[in-house]
Amino acid sequence: LKDEVDKMERLSLVGQMAASITHEIRNPMAVIRGFVQLLNERSPKEHQSYFHIILQELDRANAIINDFLSLAQNRIVEKNITSLHEVLEDLMPLLSADANMRGQMIELKLADVIDPLELNVKEIKQLVLNLARNGMEAMDDKGVLRIETKNLADAVELRVTDNGVGIPPEKLERLFEPFYTTKANGTGLGLALCLSIMERHNGRIRVESKIGEGTTFIVSFSKPGHAISETAAAKYRNGAGSA
Ligand code: ADP
Ligand code: MG
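Residues numbered from 1 in each chain as written. Chains lettered and ligands numbered in written order. Predicted model: local features only at pLDDT ≥ 70, side-chain atom pairs only at ≥ 80, totals over all residues.

Trainee: Explain the site of ligand 1 residue by residue, including any values.
Mentor: Lining the immediate surroundings of ligand 1 are 21 residues, of which Asn134, Ala138, Thr181, Gly186 and Gly190 lie closest. Of all elements in the fold, only α4 (121–137) and α6 (190–199) reach the threshold of two or more residues within the shell around ligand 1. Class assignment of the residues belonging to the shell around ligand 1 gives a composition of eight nonpolar, eleven polar and two charged. (Near = placed C-beta within 6 Å. Helix = DSSP H or I, 4+ residues; strand = E, 2+ residues; numbered from the N terminus. Nonpolar A, V, L, I, M, F, W, Y, C, P; charged D, E, K, R; others polar.)

Right, here's the structure in full:
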C-alpha cells in the first residue's frame, strides 16, 4: 500500500510540473518543426537524411511531451457507453498497417457477445495502441499479435498477447513506472499511461510473461454496477502477477 501511496504522490507532483511546462514547450517545437520542414524542401538532396533525423527526433520529443501530459492529467475524463469491440475495430486499420510494416500479423479474437462499458474512447484507443506497439516491438518478423476479448460475469477482459522475447521476472514490477524503459528510443511512459487510464476506468491491468515465449497484458474493466472484487484488488496491489 505504501508503494501505491508513493506512486500517487509522484504522479501528482508530475502533474503539477507537467501542466505548467508542456504548453510552453509544445509551441516553440511546432514552430521549429515548421521551419525545419521548409528548410528541408529548399535544401540539396544530400542533406535530406539529416533533416529526416531532425524531424524524427522532434516527433519523438513531441510524443514524450504528449504522453507526459496525458499522464499528468490524472483528471476525471468524460466517458460514454461504448462497445469495446467498436473501439478495437476502429483501430484495426492503423494496427494492421503497423504490423504489415514489420512483417507481423494481427489476430483479432472477439467474444461473441460483449456488454457495453463506460469508456473514454480516446483513452482506450491510446491504451490498446500502447500495448499493441509494445507487443510488436518485442517480436521479430514472424511475430503474431493476438488481441482477444472475453465477456466474463462481472467484467470485460481484453488480452494483448505477443510471442516475443518475454520479460524477466525481476523486471515485471518495474514495467508501470514512469520513465522505465529498456529501449534505446523508448519513453518509458506507455505503460505508466495505460495504468493511469485503467485507474480512471475502474479497471486493472496485469501482465503474464515467459522468457522466450511471449507476454500477455490483461486489461479488465468492471461492468457498470459491479464493484472491483476484493481478490482482484489485492492481486493488483501486490503488483504484476507472473506466469
Ligand atoms: P517504452 O515502450 O517506451 O519502453 P513502456 O512503458 O511502453 O515504455 O514499456 C516499458 C518497458 O516494458 C519496455 O521498455 C519493455 O522493456 C517492457 N515491455 C513492455 N511491453 C513488453 C512486451 N510486450 N514484451 C516485452 N517487454 C515489454
Ligand atoms: Mg511502449
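Resuming the write-up.
Trainee: Describe the sheet that holds strand β7 (residues 214–222), listing the residues and the values that go with them.
Mentor: Read across the open sheet, the five strands follow the order β2-β4-β5-β7-β6; overall the sheet is mixed. Of all strands in the sheet, those with a lone pairing partner are β2 (105–109) and β6 (203–210), marking the two edges. The mean inter-strand angle of the sheet, taken between neighbouring strand axes irrespective of direction, is 15°. Judged from the eight bridges that link them, strand β5 (residues 155–162) and β7 form a sheet pairing that is antiparallel. Bridging from a neighbouring strand, Glu157 pairs with Ser220 of β7. (Pairing = 2+ DSSP bridges. Axes fitted to C-alpha atoms, helices over the stretch in contact; angles between N-to-C directions.)

Trainee: Tell me what's going on with the pairing of β6, and back it up with residues and numbers.
Mentor: Among the eight residues in β6, six count as buried, and that is most of the element. Taking the residues between adjacent antiparallel strands as the criterion, β6 and β7 are bridged by three residues, where Gly212 takes a positive phi near 80°. (Buried ≥ 20, exposed ≤ 12 C-beta atoms within 10 Å, placed from the backbone.)

Trainee: For the nonpolar core, give the residues involved together with the corresponding values.
Mentor: Burial of nonpolar side chains together is a common tendency in soluble globular proteins. Within the largest apolar cluster, 34 residues are counted, with the highest numbers of intra-cluster contacts made by Leu127, Leu131, Ala192, Cys194 and Leu195. When residues of this core are assigned to their parent elements, the largest contribution, seven residues, is made by α6. Setting aside residues no more than four positions away along its own chain, Ala192 makes contact with Leu71, Phe176, Glu177 and Pro178. (Core = buried A, V, L, I, M, F, W, Y, C linked by C-beta atoms within 7 Å. Contact = placed C-beta atoms within 7 Å.)

Trainee: Would you mind going over α4 in detail, with residue names and values included?
Mentor: The terminal C-alpha atoms of α4 lie 24 Å apart, and with 17 residues this matches the ideal 24 Å at 1.5 Å per residue to within 8%. The complete set of buried residues in α4 reads Glu123, Ile124, Leu127, Val128, Asn130, Leu131, Ala132, Asn134 and Gly135. Looking at the buried side of α4, the elements it contacts are α3 (84–102), β3 (117–119), β4 (144–151), β5, α6 and β7. (Expected span 1.5 Å × (residues − 1).)

Trainee: Lay out unusual backbone geometry with the relevant residues and their values.
Mentor: Of note in this structure, Phe179 is not a glycine but carries a positive phi near 75°. Checked against the element boundaries, Phe179 lands in the loop between α5 (169–172) and α6. According to the C-beta neighbour criterion, Phe179 is exposed, with 12 such atoms within 10 Å. Not every positive phi belongs to a glycine, and Asn202 is a case in point at roughly 50°. Tracing the chain through its elements places Asn202 in the loop between α6 and β6.

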